[in-house]
Amino acid sequence: MKKIAMLSMGVLVAIALALPAIAARPPVPTAPSKMALTDKVASDFDHATHTSVDCAVCHHEVNGAENFAKCSTAGCHDAMGSKEKGVNSYYRIIHDRKLENSCLGCHVKTAKAKPELRKALTGCKGSSCHP
Ligand code: HEC
Ligand code: HEC
């Protein structure tokens, strides 16, 4: 009896370990996400206005695996100063125009196709991002 219990425990553990590999994507937050620093200078990020973009564009893979951690997770984009450069820079992943999946990089591209959105999506103060 004990052996069977141990065995089924083993099977359960194996299933639990295998799950992340075939994990479904987590549910999309229904309310706007409060990103780090949004209290001071920016609006929250709203998934509802970004449904045309695939999750993986923003939630890019980490070490070959799907990843939905917060941007500023320790060891990720956790250098918070606005002068920070390099892959860890939080400012850069929001504002680097050369990155296709930074907020501003994609907004600049979007505004090229839809010039009427230029001020809202690429402006600083008074834009949709920094109202
Ligand atoms: C245009 C970019 C973008 C797209 C597309 C996107 N997200 Fe997000 N998502 C974000 C941002 C930005 C945050 C807030 C991250 C932070 O707080 O650092 C976030 C947060 C989340 C969180 C909460 C993470 C946490 O720990 O608080 C989940 C879960 C999530 N997204 C799932 C999804 C799923 C599933 C999809 C696709 C259906 C998706 N997202 C599409 C940018 C995006
Ligand atoms: C890959 C493309 C892409 C990325 C990356 C992206 N956006 Fe957007 N964003 C869009 C598009 C497209 C729209 C909608 C334009 C329209 O109205 O048709 C939009 C609209 C917005 C708006 C105005 C609508 C609203 O929700 O109030 C805000 C604010 C915004 N984005 C914030 C962000 C932030 C913050 C990030 C980064 C965390 C981000 N976006 C990243 C494509 C992108």
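Residues numbered from 1 in each chain as written. Chains lettered and ligands numbered in written order. Predicted model: local features only at pLDDT ≥ 70, side-chain atom pairs only at ≥ 80, totals over all residues.

1. Some thoughts on the overall build of the chain
- Secondary structure summary: the chain contains 6 helices and 0 strands in total.
- When the elements of the chain are put in sequence order from the N terminus, they spell out α-α-α-α-α-α.
- For the chain, buried positions account for 7% of its 131 residues.
- Contacts spanning at least 24 positions in sequence make up 20% of the contacts within the chain whose residues lie at least 6 apart. (Helix = DSSP H or I, 4+ residues; strand = E, 2+ residues; numbered from the N terminus. Buried ≥ 20, exposed ≤ 12 C-beta atoms within 10 Å, placed from the backbone. Contact = placed C-beta atoms within 7 Å.)

2. Quick look at the nonpolar core
- Core analysis: the largest hydrophobic core is formed by 6 residues, namely Y90, I93, I94, C103, L104 and C129.
- Examining the composition of this core, we find that 3 residues originate from one element, helix α4 (residues 90-95), more than from any other. (Core = buried A, V, L, I, M, F, W, Y, C linked by C-beta atoms within 7 Å.)

3. Here's the deal with the confidence of the model for the chain
- Chain-level pLDDT for the chain is 88 on average; 82% of the residues reach the 70-or-more range.
- Within the chain, helix α5 (residues 103-113) carries the highest mean pLDDT (98), whereas helix α1 (residues 2-18) carries the lowest (59). (pLDDT = per-residue confidence, 0-100.)

4. A few points about the environment of V41
- Relative to the helices and strands, V41 resides in helix α2 (residues 38-41).
- A residue is classified by how many C-beta atoms lie within 10 Å of it, and V41, with 11 of them, is exposed.
- Placed 83 residues apart in sequence, V41 and C124 show a C-alpha to C-alpha distance of 10.0 Å.

5. Side note on the site of ligand 2
- Around ligand 2, a shell composed of 19 residues is seen, among which D46, T49, C103, C106 and S128 lie nearest.
- In the shell around ligand 2, the residues fall into 10 nonpolar, 8 polar and 1 charged. (Near = placed C-beta within 6 Å. Nonpolar A, V, L, I, M, F, W, Y, C, P; charged D, E, K, R; others polar.)

6. A look at α5
- Every buried residue belonging to α5 is among C103, L104 and H107, and all of these are buried. Buried residues of α5, seen end-on, are gathered within an arc of 80° and therefore sit on one face of the element. Seen from the buried face of α5, the exposed residues on the opposite side, beyond 90 degrees, are K112 and A113.
- For α5, the elements touching its buried residues are α4 and α6 (118-122). (Arc of directions from axis to C-beta.)

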